[in-house]
Every structure is written in C-alpha cells, then in structure tokens.
Amino acid sequence: MRSALVVGTGLMGASVGLALRGRGIPVHLRDEDASAARTAEALGAGTRQAPPQPVDLAIVAVPPPLTGCVLADLQAEGVARHHTDIASVKSEVEHAAVALGCDMSRFIGGHPLADGARSGPLTARADLFDGCMWALTPSAATSTETLNRALELVALCGATPVLMQATAHDRAVALVSHAPHIVASLVAARLAGADEREVSLTGAGLRDLARIAQASPPLWLDVLGANAAAVADVLEELGSDLGGVVAALRAIASTDEAKRSAGTDLVGTVLHQGRAGGVRVSGTRGPQKFDTVTVAIGDQPGELARLFADIHRTGVNIEDIRLEHGVGRGLAHLSIDSGRTASVREALGRQGWRP
C-alpha cells in the first residue's frame, strides 16, 4: 500500500490514520466536520489535502446508515482503486452498496473489534487496533486484489484478520457486543434513581458494566438500528432465560422446600453455564491451535469469495489467510481450527477445489 484516504475522522478513522502514518503510509483525510478533520490532521493522522491521484485504498469510517452512500460517492469520484469500511454492521452496508450500484469487486466490508466506548479524534491512538480481531466480509464479487489491500490494512494496523460472511458477522456481534450493550444500559439505568449510599457500594464489576453503558447514545442508535433484528433475537432469548431465573429466585424465597430446591438447582445451572461461557472469552483456555489448508485459486474476480463461501458451508471459521500469486493462478493458505483439516479438504474437493 502506497497511499490511503480515510473518510470520517472520529476515534476509529483517526486511529486508522495514525496507525498507517506510523508505518510510513501517506494518508489523506476527509470529513464533513471540518473541525474533526483539522484535529485529526493536527494529531498527525494525515493531511486534509486532496490526493493528487487515486489512492490505493479508501477507508470509510462513518456510521452504518451513511456508509453505502459515501462508498457510492467515492467510486463515482474515482478517488481510490479499492475500498473498505469499518462500520460495526455489515449486511446493511453490503445491501446498500449493491442497491446504489457500487462496484462490489472493488469493495470489502471490514470491522475492527476495538474499544469504541469513547468518540472523537482527540481519543484516537495509533495502537488502538494492536492485537484486536478485525472482521473482513468479502462479497461474492470481491476481487482478490481488493482483499489483499484490506489484509494489508489490517496487518499495518497491528490487528488479526477474521474472514466471514456479512450475515454471520452481524449475528456474531449481536451476541457478543450489541445485546450486551443493551443489557449494560438497562442495568446502569437502574442506578440513575438509586440512593447515593447504594451507589457508593459499587464494585469493579459494576464499574466495568457502567463504562460500557457510557458510550455515545447517538452512535449506538445507528449501530442498533442497522442490526435491530439480530439484536432483538438475542435479547428475546435472554429475556426468556431471565424470566426463568426470576421465577427460580421467587421459589428460593418461598417457604416450600420443594420449590426452594428446584429454584436453587435452576439458578445453579445458570451460574455454571455462565462460568463456562465466560471461560471462552476470558483467555484462560490457553493458546488455540490451528492447521493450514492450501488451495489453488484462479485470478478471475470473485474466485476467493467463492472459496470463502464454500468453506463457510462446512461450519469452519477461517482464522487467517496468506496468499501467494503466480501466473494465472495462486495459492491460498488458510488457517482453520485444529482437527478439521481432513473434513474441510474433503468438502472443498467435492466443490472442485484442488491443493
């Protein structure tokens, strides 16, 4: 990558600019908020001067409802060879881009899973993405060259790429981010009218939850509005579980020994399940092991996206990818969960893929 354009200079966009500038990449900045753009420029995230020629990659860092329109405008302007975004919802962006007639071969969706509790360019950091996961969601039309530019962006920002379909991404973030934010907001809202002495007993756990709830409401309204159905599904299941726990706690508070015993068993089950789920995200499992599957791919547009779709149907996630280019064909080295190599190779072989 020799040049980039960042459109939107809030926390995420300015942080991308700082990370790329730290690696020596010339970055051009654009924002309807002139003050934000000036601040990002003063921080060293790039220059507000227009690029003299098309940049290698444009990064759209605006709210999800605006991303498709901005992408369409950029492609009509011809300011970049390839395009990606960093919106936290992917299906709506992809659908909007298609509806607006965007060239989908030169676009790939992206979402860095970095801490976005704060907002504005003054909170930007060059190391914001260090060690974080960065989802990439190629469509069926995404070209290999566009994917490569996005993978290079992720590497330059110090993150780890995870490739998945847009709908799968939105279901995942509804579970691990969007629904938990609503839960944090509901719990924190109970504190607004609480007695000061009650609030004074707050511990570290509740402070962490309250920090989540303090994120920008306008920003989160955009995010939740763009992924409303998936978030509602998760919250509906959670509501059903919560109703069961409420009933169990009422039973524990009763004088009926049989009810008390049944209620205790149910609450105990929930606590054990919570602990098991918590272990999966707490980093206590030890390092995860991956195997490599190598597949030959052609250089025609959409070939790599077709490969991702075929692997997705096997139920296996692609944890990382490395590409080797040759004349007329190349090799894709895919990192997948250890122990799934044989089944994935067999499934890909049935789809006509060869090592």
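Attention in this report is confined to the structure presented alongside it. Just so it is clear, the model here is predicted, and its values are computed rather than measured.

## Some points on the sheet that holds strand β6 (residues 133-137)
With respect to topology, seven strands assemble into an open sheet ordered β2-β1-β3-β4-β5-β6-β7, the strand pairing being mixed. Sheet topology places β2 (27-30) and β7 (160-163) at the edges, where each strand pairs with a single neighbour. With direction set aside, neighbouring strand axes in the sheet form an average angle of 25°. In terms of strand pairing, strand β1 (residues 4-7) meets β2 through four bridges, oriented parallel. Note on β2: the bridge partner recorded for V6 is L29. Here helix α5 (residues 144-156) sits on the sheet in contact with β3 (55-60), β4 (80-85), β5 (107-112), β6 and β7, set at roughly 170° to β6.

## Considering the packing of helix α6 (residues 166-189) against helix α9 (residues 217-226)
α9 packs onto α6 with a crossing angle of 125° between their chain directions and a minimal axis gap of 11 Å. As far as their axial angle goes, α9 and α6 are oblique. In the packing of α6 onto α9, the handedness of the crossing is left-handed. Here S177, H178, H181 and I182 of α6 come into contact with α9, specifically with W220, V223 and L224. When the residues that make up the contact of α6 with α9 are grouped by side-chain class, the tally is four nonpolar, three polar and no charged.

## Some thoughts on a negative patch on the surface
A contiguous patch of negative charge, built from D233, E236, E237 and D241, is present on the exposed surface. With respect to the helices and strands, the residue D241 is situated in helix α10 (residues 228-252).

## A short note on the environment of E198
Mapping E198 onto the fold places it in helix α7 (residues 196-199). For E198 and A80, which are 118 residues apart along the polypeptide, the C-alpha to C-alpha distance reads 55 Å.

## Examining the pattern of salt bridges
Counted according to the given criterion, the structure contains 10 salt bridges. Across the pair R149 and E152 runs a salt bridge whose closest N-O atoms are separated by 3.0 Å. Here R149 pairs with E152, and both are found in helix α5, just three residues apart, close to one helical turn. When its relative accessible area of 26% is taken as the criterion, E152 is described as partly exposed. For R350, the salt bridge identified is with E346, shortest N-O distance 3.3 Å. Of the two residues, R350 and E346 both sit in helix α13 (residues 341-350), four residues apart, roughly one turn of that helix. Neither R350 nor E346 differs from the other in exposure class; each is exposed. One salt-bridge network, held together by shared partners, links R2, D56 and R81.

## Some remarks on the nonpolar core
Counting residues in each nonpolar core, the largest one holds 53 residues, and the members touching the most others are F129, W134 and L307. With seven residues, helix α1 (residues 11-22) is the largest single contributor of residues to this core. The contact partners of L307, leaving out residues within four places of it in the chain, are V295, I297, A332, L334, L348 and W353. Formed by 11 residues, the second largest nonpolar core is a distinct cluster that contains W220, L224, A230 and V231.

## Considering the layout of surface pockets
Unoccupied space between atoms shows up once a probe the size of one water molecule is rolled over them. Here the second largest pocket is characterised by a volume of approximately 270 Å³. What lines the second largest pocket is a set of 20 residues, among which P138, M164, Q165, A166 and A309 lie closest to the centre. For the lining of the second largest pocket, the element with the most residues is helix α12 (residues 303-312), which contributes six residues. Residues of the lining of the second largest pocket, tallied by class, amount to 11 nonpolar, seven polar and two charged.

Basis of the calculations
Residues numbered from 1 in each chain as written. Predicted model: local features only at pLDDT ≥ 70, side-chain atom pairs only at ≥ 80, totals over all residues. Heavy atoms only, no water. Pairing = 2+ DSSP bridges. Helix = DSSP H or I, 4+ residues; strand = E, 2+ residues; numbered from the N terminus. Axes fitted to C-alpha atoms, helices over the stretch in contact; angles between N-to-C directions. Contact = heavy atoms within 4.5 Å. Parallel < 35°, antiparallel > 145°, perpendicular 65-115°, else oblique. Left-handed = near helix turned anticlockwise from the far one by under 90°. Nonpolar A, V, L, I, M, F, W, Y, C, P; charged D, E, K, R; others polar. Patch = residues over 30% accessible without salt bridge, like charges linked within 9 Å, V, L, I, M, F, W, Y side chains within 5 Å. Areas by Shrake-Rupley, 256 points an atom, 1.4 Å probe, with all protein chains shown as cover. Salt bridge = Lys/Arg side-chain N within 4 Å of Asp/Glu carboxyl O. Lys, Arg positive; Asp, Glu negative; His and termini not counted. Charge placed at Lys NZ, Arg CZ, Asp CG, Glu CD. Buried < 20%, exposed > 50% of the residue type's maximum accessible area, 1.4 Å probe, protein only. Core = buried A, V, L, I, M, F, W, Y, C linked by side-chain atoms within 4.5 Å. 1 Å grid on protein atoms, 1.4 Å probe; cavity = no way out; pocket = protein on both sides within 12 Å on 5 of 7 lines; lining within 4 Å. Points joined across faces, edges and corners; volume = space filled by probe spheres on them.

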